[in-house]
Amino acid sequence: MRSLFPVTDLTRTAPAPSGPPIDREWSLDELADAYAYPPDLRADGAGTPWLRANMVSTLDGAAQHDGRSQGISCAADMRIFGTLRGLADVVIAGAETVRLEGYRPARAREAFAARRAAAGQGPAPAVAVVTGSMDLDFSLPLFTEPLVPTLVVTGAGAPSDRIAAARKAGAEVVIAGEGGRVDPARVVRELADRGLTRQLTEGGPRLLGQFVAAGVLDELCLTVSPMLTAGNAQRIAGGPGVAVPERFFLASLLEEAGFLFTRYRRTDR
């Protein structure tokens, strides 16, 4: 059963679906409409950035199984994953997630070519890897074979030899912090200054926790997987807690085979 449930959202630009739930596969156009970024974002860096996260969690809160998210995902989740990438200017991921998930360069997809061209975007999103230590293998295809140069986001005190190695591999190094620390709020600003305002983070939990703590996350696209894993797997966001929980509102909800595909937005955006 594939269903699209209407949710009241005063910020929507497209009409909410009406009638009974839809029992068919969603087209990529429908998904792209459902997950469209706010219309006022600009590709020249002058617009306000919008940071959304895409994560998956089991019913008991596990963000991974055996260290990876694939085991708690599904085919529809991967279609949405591809749609979110197809709409983004930049995909932001922590170095550990890049290593564990075997990240490769984002690819151009014909299904999103017209939308990207109309929005002033390139053929594919850039990938931005956030790392303080620069402990990355720059011989991997993510750095040697990207359609658009991969960005390495680090602090001003990162090892100079690793910065040189990243640049030699063709990556663009972005300084977004002092010393060996990366400032999550500055990551958002630095990428937006480069015209990358439609931002998508895919984690991992530590990086997402940093964005949450900094108060810069605008939207969470969370897949709730109908699975139980127990164990001690990470939650979708880790690290220090916030002093006051921030309220998000439910913007849309999709369902397929017991998987819930939710989209939450900050109440002040």
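This is a predicted model, so every value here is computed, not measured.

Talk me through helix H2 (residues 75-87); I want residue IDs and the actual numbers.
The terminal C-alpha atoms of H2 lie 19 Å apart, and with 13 residues this matches the ideal 18 Å at 1.5 Å per residue to within 8%. All of the buried residues in H2 are Ala76, Asp77, Ile80, Gly82, Thr83, Leu84, Arg85, Gly86 and Leu87.

Give me the lowdown on unusual backbone geometry, citing residues and values where you can.
The omega torsion across Gly203 and Gly204 is 10 degrees, close enough to zero to call that bond cis. Relative to the helices and strands, Gly204 is located in the loop between strand S7 (198-201) and helix H8 (205-214). In this model, Ala230 sits at a positive phi of 55 degrees, which is unusual for a non-glycine residue. Mapped onto the fold, Ala230 is located in the loop between strand S8 (219-225) and strand S9 (248-256). On the basis of relative accessibility, which here comes to 54%, the residue Ala230 falls in the exposed class. A positive phi angle is found at Ala257, which is not glycine, with a value near 50 degrees. For Ala257, a relative accessible area of 54% translates into the label exposed.

Lay out the packing of aromatic side chains with the relevant residues and their values.
Working definition: an aromatic ring pair is given by the centre-to-centre distance plus the angle between the planes. Applying the stated criterion across every chain yields a total of two aromatic pairs. With a centroid separation of 5.0 Å and an interplanar angle of 75 degrees, the aromatic rings of Phe138 and Phe143 are classed as edge-to-face. The interplanar angle of 10 degrees and the centroid separation of 6.4 Å between the aromatic rings of Phe259 and Phe261 together place this pair among those described as stacked. Just as Phe259 is buried, Phe261 falls in that class too. Stacked on the ring of Tyr37, the Lys or Arg Arg52 has its end atom at 4.1 Å from the ring centre.

If you had to explain the pairing of strand S2 (residues 50-58) to someone new, which residues and values would you point to?
Burial analysis of S2 places nine of its nine residues in the buried class, which makes it a mostly covered element. Taking every second residue as pointing to the same face, both faces of S2 are buried, with Trp50, Arg52, Asn54, Val56 and Thr58 on one and Leu51, Ala53, Met55 and Ser57 on the other. When S2 meets S7, the two strands line up parallel, connected through four bridges. Paired with Arg52 across the bridge in S7 is Leu200. For S2 and S8, the ladder comprises seven bridges, and the chain directions are parallel. If you follow Ala53 over to S8, its bridge partner there is Leu220.

Before we move on, can you summarise helix H7 (residues 184-193) with the specific residues and values?
Across the 10 residues of H7, eight count as buried, placing the element largely inside the fold. Burial in H7 covers these residues: Pro184, Ala185, Arg186, Val187, Val188, Glu190, Leu191 and Ala192. Where H7 begins, one side-chain oxygen reaches toward the backbone nitrogen of Ala185, 3.1 Å away; that side chain belongs to Asp183. Downstream of H7 by one or two residues, Gly195 has phi in the positive range, about 85 degrees.

What counts, and where the lines are drawn
- Residues numbered from 1 in each chain as written.
- Predicted model: local features only at pLDDT ≥ 70, side-chain atom pairs only at ≥ 80, totals over all residues.
- Heavy atoms only, no water.
- Helix = DSSP H or I, 4+ residues; strand = E, 2+ residues; numbered from the N terminus.
- Expected span 1.5 Å × (residues − 1).
- Buried < 20%, exposed > 50% of the residue type's maximum accessible area, 1.4 Å probe, protein only.
- Phe/Tyr/Trp six-rings, centres within 6.5 Å; stacked < 30°, edge-to-face > 60°.
- Lys NZ or Arg CZ within 6 Å of the ring centre and 35° of its normal.
- Pairing = 2+ DSSP bridges.
- Polar contact = N/O pair within 3.5 Å; in protein donor to acceptor, adjacent residues only side chain to side chain.

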